[in-house]
Amino acid sequence: MIATSDDPRIRLAHYFLGTVEIAPDPLLPPRVVRVVAGDGRHFVAKQHAEHDRYAGELHTYRTWGTHLTGHAPKLVGRNDATRTLLLTALAGDRADTAAPGSPEEELAHHEAGHVLGKLHRATSMPQGGSVGAALAERFQKWIDRAVHADLIDTAEWKLLKHHAAILGNSLMDGAVCHLDYQPRNWLVGDVFGVCDFEHMRRDARVRDFARLEFRRWQAAPHLRTAFFDGYGRPLTDAERRLLESFGAIEAATALVKGHKENDLTLSAHGRTVLSRLT
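Structural notes, computed from the coordinates. (Residues numbered from 1 in each chain as written. Predicted model: local features only at pLDDT ≥ 70, side-chain atom pairs only at ≥ 80, totals over all residues. Heavy atoms only, no water.)

1. So, unusual backbone geometry
Negative phi is the rule for most residues except glycine; trans is the rule for most peptide bonds. You will see that Asp150, though not glycine, has its phi angle at about 60 degrees, which is positive. Within the secondary structure, Asp150 sits in the loop between helix H4 (130-148) and helix H5 (154-168). Residue Asp150 is classed as exposed on the basis of its relative accessible area of 64%. Despite not being glycine, Asp196 has its phi angle at roughly 65 degrees, a positive value. Along the chain, Asp196 turns up in the loop between strand E10 (192-194) and strand E11 (201-204). Accessibility expressed as a relative area gives 17% for Asp196, which makes it buried. (Helix = DSSP H or I, 4+ residues; strand = E, 2+ residues; numbered from the N terminus. Buried < 20%, exposed > 50% of the residue type's maximum accessible area, 1.4 Å probe, protein only.)

Here it is, written out as structure tokens:
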């Protein structure tokens, strides 16, 4: 249908593209809409609820996106007042629609490793203590929120504090990290695509593997192997130990966000990760 909405995303698309049609896409989150321009090209328009997320994603497209040329959407236009971005749409299917155990799923993880490896190598920083100290400080705030909401017992609090101390005292190399790197944000087609950069920032490089490790790989270790084959090298023993501490962050954030948003699936995930750490 022809889009005539007063929606800020549609207004932005009209401004840059002229008349557009809305292309329903049930896999897109509610704040993202796909539109088709008069010449048949597809675009997505995304409105952020929070200014910080909008500013972070805009910064990524204007700076670090150059390291993902050919694998990421391109910024077409923006409206700072409405926190809205207009982006080219990547072709392909979301990687989380691949059948579990299929060759397509394994190939997606291999390609994901290859693309993330390019980003990490292009933005790498030498080992230092500042990354770990900053992470430990942010992690402590999540622990405090979990305690305040009565989501963890004393033993679990001690466990999370232990991992916070490990992070705070660890030297770790940094890089620009996606920080939500998982199949729902990958598109598999003629080229491998990555989207959703609102969390992207400089962080500990190993942290970029945490969601895959604790949401996918432990149940399907062959996908971990495929990923690091594409990435270019496996994790060292020290990096594997460090990844466990990033699992503690994964557990705490999932518990707090799940509780706040009444998301039972996310809460259960946090509880599962926490039990694995013990």
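Anyway, onward from the coordinates.
2. Describing the packing of helix H6 (residues 210-217) against helix H7 (residues 221-231)
Contact pair H6 / H7: the axes reach a minimum separation of 9 Å and the direction vectors enclose 150 degrees. Taken together, the axes of H6 and H7 are roughly antiparallel relative to one another. Crossing geometry of H6 relative to H7 is assigned as right-handed. Contact residues: H6 offers Leu212, Glu213 and Trp217, while H7 offers Pro221, Leu223, Arg224, Phe227 and Phe228. (Axes fitted to C-alpha atoms, helices over the stretch in contact; angles between N-to-C directions. Parallel < 35°, antiparallel > 145°, perpendicular 65-115°, else oblique. Left-handed = near helix turned anticlockwise from the far one by under 90°. Contact = heavy atoms within 4.5 Å.)

3. Considerations on H6
Counting buried positions over the eight residues of H6 gives six, a clear majority of the element. Considered for burial, the residues of H6 that qualify are Ala210, Arg211, Leu212, Glu213, Phe214 and Trp217. Of the surrounding secondary structure, the elements contacted by the buried residues of H6 are helix H3 (103-122), strand E9 (186-188), H7, helix H8 (237-260) and helix H9 (264-277).

4. Some points on the pairing of strand E4 (residues 75-79)
As paired strands, E4 and strand E5 (residues 84-88) are joined by four bridges and run antiparallel to one another. Across the sheet, residue Gly77 finds its bridge partner in E5, namely Leu86. Between E4 and the antiparallel strand that follows it, E5, lie four residues; Arg83 among them carries a positive phi value of about 55 degrees. (Pairing = 2+ DSSP bridges.)

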